[in-house]
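Spelled out, the chains give:
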Amino acid sequence: MGNVLVLDNVRKSFTLGFIPKKRPVLKGISFAVGEGEIFGYLGPNGAGKTSTIKCVLGLIFPDAGTITLFDRSHLEPKAKTSVGFLPENPYFYDYLTAAEFLDFYAQLFGVPKDERAARIGRLLKLVGMEKAARLPLRKFSRGMLQRVGLAQALVNEPSFVILDEPLGGLDPLGRREIRDIILGLKDAGKTVLFTSHILQDIEMICDRVAIVVDGRIRSIGRLADLISENVLFTEVTVSGVDRAELAPLGESLTAQAGRTLLKVYDEERIETVLTLVRERKGKVHALVPRTQTLEDLFVDAVRRS
Amino acid sequence: MTVKVIALNTFKEAVRDRVLYLLLFFAALAIVLSRVLAVLTVGDRVKVVKDVGLASVSFFGALMAIMIGTGLVYKEIEKRTIFTLVSKPIRRSEFLLGKYLGLVLTLGVMLAAMTVIYLGLVFAHTLRFEARLLLPIAFLFLELILITAVAILFSCFSTPILSSLFALSFYLIGHFSWSLETLIQKTRPGAGRTALQVVYALLPDLENFNVKTEVVHGLPIPASLFLTAAGYSLAYTAFVLLLAVLIFRRRDFV
């Protein structure tokens, strides 16, 4: 399968201040998004996630490097016909109703009039906003705007969807719904690039991830390849044993309602803990081996930089 | 096609903005107040109604062009609505042209509304429809399409308040630049005179669009004058829009 988007050594700096000073934001970003995958682009605040996306969409112009979208220069209008985009903190024309708003964008893509109403109805239903079709956007909450924004990103039935923090501003239920929609897009054969700093979401739905820190990509690849399967430590929750007795066996984290959460790094010591609990006639409530998570990888990448 | 869609959306945005109706209300008030001035005047009252009414239409037309024109593009950038728009398969020049044409359409409708009020008031005085009064309004429209382009040019790189000041200065300079012509005639030939001539050529001459006095006093207006004014307005507008596109094309939307 080919690549939908290719960035090659993209650099961008902004000139700021009264006495102009160049501040580099992107310091040579290179990655490719393959057809049909969900690509997670993550990084801490201010790492350059949104700037990268703005470069791809032609909102800002890179100082150096090339960006190819569907094997064309990303600035060609034709390259953007199959792209859908949801910006971070979407602000839309608040004087329009949700249906008018979607109709406007559908018109920009040249969707024929007889097709528009049906498509808009379908999209509003998909994002759970069908009841708000006649409401002006100024009366929408942030979560509602996010949903309508997503519908807007899909109005041209794109094959490549770019979502900048699509799960921001949503309640847990809304996040789950949007996550399901993103997975549905993948099932429909679409490619998705999305940014987030909510690692749980990325871990749940992404095929590949890139971690960007301070304008540079620190880590990129399939999640399974990036995260090691080795057990880092085991979390054991026990009761009926004195905390002081457990201290030499591992890191005692909390002790609430008689229960102690112990972080045991050495696998052989787990057996010692269990023997001790049996001797003291205590109870083992949980025993969870912890492998490396995306969070560990992320924290590590940020620290290293 | 894209230009048309953006233009119609801009029109929708402008007509759903309350500021526009506030301006229209004050314009109507100013036109009707010309009646009060007429009562206070010795002489031809109808002429005063016609003259002050036309001046009101002209002033509020320019005010509308400046106030909406300087805000619209800036608002798109400030409110970040431009992010979704530019990410669509449209060129930035199409966006700018769409915005401009939407504004021209809005001004056309507002000017029509003011004209109806104005002609109604004149009709109440003379009891006949004076088609000749449409002529200065047509000239005014030519002036407004130029002022709108200037307002959009400034709003491509400046805040609404500064852009309004710039556009207002353009309007005022444009209406007084004819006095430079008098100065040129009184200056002896030489470097000074050439410099003045260059400045005069660069500055807009909005008095080209002012035929109020001729119409109100029933003086003849040669047909070629309208054609010259139309050519001047279109050429100047095209130049200003081209400048706006050049600035807008390379702008980063941060």
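Predicted model only: the values in this text are computed from it and were never measured.

Asks: In this structure, what is going on with the overall build of chain A? I would like to understand it.
Replies: Helix and strand content of chain A: 10 helices and 14 strands. Taken along the three principal axes of its C-alpha coordinates, chain A extends 75 × 50 × 45 Å. When burial is assessed residue by residue, chain A has 39% of its 305 residues classed as buried. Put simply, 68% of the contacts in chain A that link residues at least 6 apart link residues at least 24 apart.

Asks: How should the sheet that holds strand β6 (residues 83-86) of chain A be read in this particular structure?
Replies: Adjacent strands of a sheet form backbone hydrogen bonds with each other and so pair up, either parallel or antiparallel. All names here are of chain A. An order of β6-β7-β8-β3-β9-β10 is seen for the 6 strands of this open sheet, with the pairing classed as mixed. Each having just a single partner strand, β6 and β10 (216-222) make up the two edges of the open sheet. On average, each strand axis in the sheet is inclined to that of its neighbour by 15°, with strand direction left out of account. Pairing of strand β3 (residues 38-42) with strand β8 (residues 191-196), which is carried by 5 bridges, proceeds in the parallel orientation.

Asks: When you look at the confidence of the model for chain A in this model, what are you seeing that I'm missing?
Replies: Low-pLDDT stretches of the model should not have their predicted coordinates read in fine detail. Of all residues in chain A, 99% have pLDDT values of 70 or greater, and the mean over the chain is 87. Of all helices and strands in chain A, the one with the weakest mean pLDDT is strand β12 (residues 251-256) of chain A (76), whereas strand β7 (residues 160-164) of chain A scores best (93).

Asks: Looking at this model, I keep getting lost on the interface of chain A and chain B. Mind explaining?
Replies: Buried accessible area, meaning the area lost when the parts come together, often serves as the stated size of an interface. Counting residues at the interface gives 23 residues for chain A and 21 residues for chain B. No other element matches the 4 residues that helix α2 (residues 98-108) of chain A contributes to the side of chain A that touches chain B. Here the residues of the side of chain A that touches chain B are counted per class, giving 16 nonpolar, 5 polar and 2 charged.

Asks: Where do I start with the sheet that holds strand β2 (residues 21-34) of chain A in this structure?
Replies: With respect to topology, 4 strands assemble into an open sheet ordered β2-β1-β4-β5 (chain A), the strand pairing being antiparallel. Whereas interior strands pair on both sides, the edge strands pair on one side only; in this sheet they are β2 and β5 (72-73) of chain A.

Asks: Even after reading the chapter, I still don't get the domain arrangement of chain A, so can you show me in this structure?
Replies: Along its sequence, chain A is organised into domain 1 (3-226) and domain 2 (231-293). Computed over C-alpha atoms only, the centres of domain 1 of chain A and domain 2 of chain A are separated by 44 Å.

Asks: Teacher, can you tell me more about the nonpolar core here?
Replies: Side chains that are nonpolar tend, in soluble globular proteins, to be buried together. Among the nonpolar cores identified, the biggest contains 139 residues, and Leu-102, Val-148 and Ala-151 of chain A together with Ile-147 and Val-150 of chain B are the most heavily contacted of them. In terms of residue count, the dominant contributor to this core is helix α3 (residues 45-78) of chain B (15 residues). In contact with Leu-102 of chain A, other than residues within four places in its own chain, are Ile-120, Leu-123, Ala-151, Gln-152 and Val-155 of chain A. Grouped together as the second largest cluster of nonpolar side chains are 7 residues, Val-236, Val-238, Val-241 and Leu-262 of chain A included.

Asks: I keep staring at the environment of Ile-270 of chain A and nothing clicks. Help me out?
Replies: All names here are of chain A. Examined against the element boundaries, Ile-270 turns out to sit in helix α9 (residues 267-279). With 18 C-beta atoms packed within 10 Å, Ile-270 lands in the partly exposed category. Linking Ile-270 and Glu-203, residues 67 residues apart in sequence, is a C-alpha distance of 29 Å. If we ignore the near neighbours within four places in the chain, the residues touching Ile-270 are Thr-234, Val-236 and Val-264.

Asks: Teacher, can you tell me more about the environment of Pro-166 of chain A here?
Replies: All names here are of chain A. By the element assignment, Pro-166 lies in the loop between β7 and α5 (172-187). On the basis of neighbour count, Pro-166 is assigned to the buried category, with 28 C-beta atoms found within 10 Å. Each C-alpha atom, one on Pro-166 and one on Gly-149, is 9.0 Å from the other, the two residues being 17 residues apart in sequence. In this structure, Pro-166 is in contact with Leu-86, Leu-150, Ile-178 and Phe-194, ignoring residues within four places of it in sequence.

Asks: Even after reading the chapter, I still don't get the pairing of β7 of chain A, so can you show me in this structure?
Replies: Where a strand is regular, its side chains alternate between the two sheet faces. Residues and elements named next belong to chain A. By the criterion of burial, β7 is predominantly enclosed, with 5 of the 5 residues buried. Alternating residues of β7 divide into Phe-160, Ile-162 and Asp-164 and Val-161 and Leu-163, and every residue in both groups is buried. Strand direction decides the pairing type here: β6 and β7, joined by 4 bridges, are parallel. Looking across to β7, one finds that Phe-85 is bridged to Ile-162. Handedness of the β7-α5-β8 crossover: right-handed.

Asks: Hey, could you run me through the environment of Gly-71 of chain B in this one?
Replies: Residue and element names in this part refer to chain B. Position of Gly-71 among the secondary structure elements: in helix α3. For Gly-71, a count of 22 C-beta atoms within 10 Å corresponds to the buried category. The spacing of Gly-71 and Ser-155 is 84 residues in sequence and 6.8 Å in space, taken between C-alpha atoms. Apart from the residues lying within four places of it in its own chain, the contact partners of Gly-71 are Ser-155 and Pro-160.

What counts as what
- Residues numbered from 1 in each chain as written.
- Chains lettered and ligands numbered in written order.
- Predicted model: local features only at pLDDT ≥ 70, side-chain atom pairs only at ≥ 80, totals over all residues.
- Helix = DSSP H or I, 4+ residues; strand = E, 2+ residues; numbered from the N terminus.
- Buried ≥ 20, exposed ≤ 12 C-beta atoms within 10 Å, placed from the backbone.
- Contact = placed C-beta atoms within 7 Å.
- Pairing = 2+ DSSP bridges.
- Axes fitted to C-alpha atoms, helices over the stretch in contact; angles between N-to-C directions.
- pLDDT = per-residue confidence, 0-100.
- Nonpolar A, V, L, I, M, F, W, Y, C, P; charged D, E, K, R; others polar.
- Domains from an automatic or database assignment.
- Core = buried A, V, L, I, M, F, W, Y, C linked by C-beta atoms within 7 Å.
- Right-handed = clockwise from strand over helix to strand, strands pointing away.

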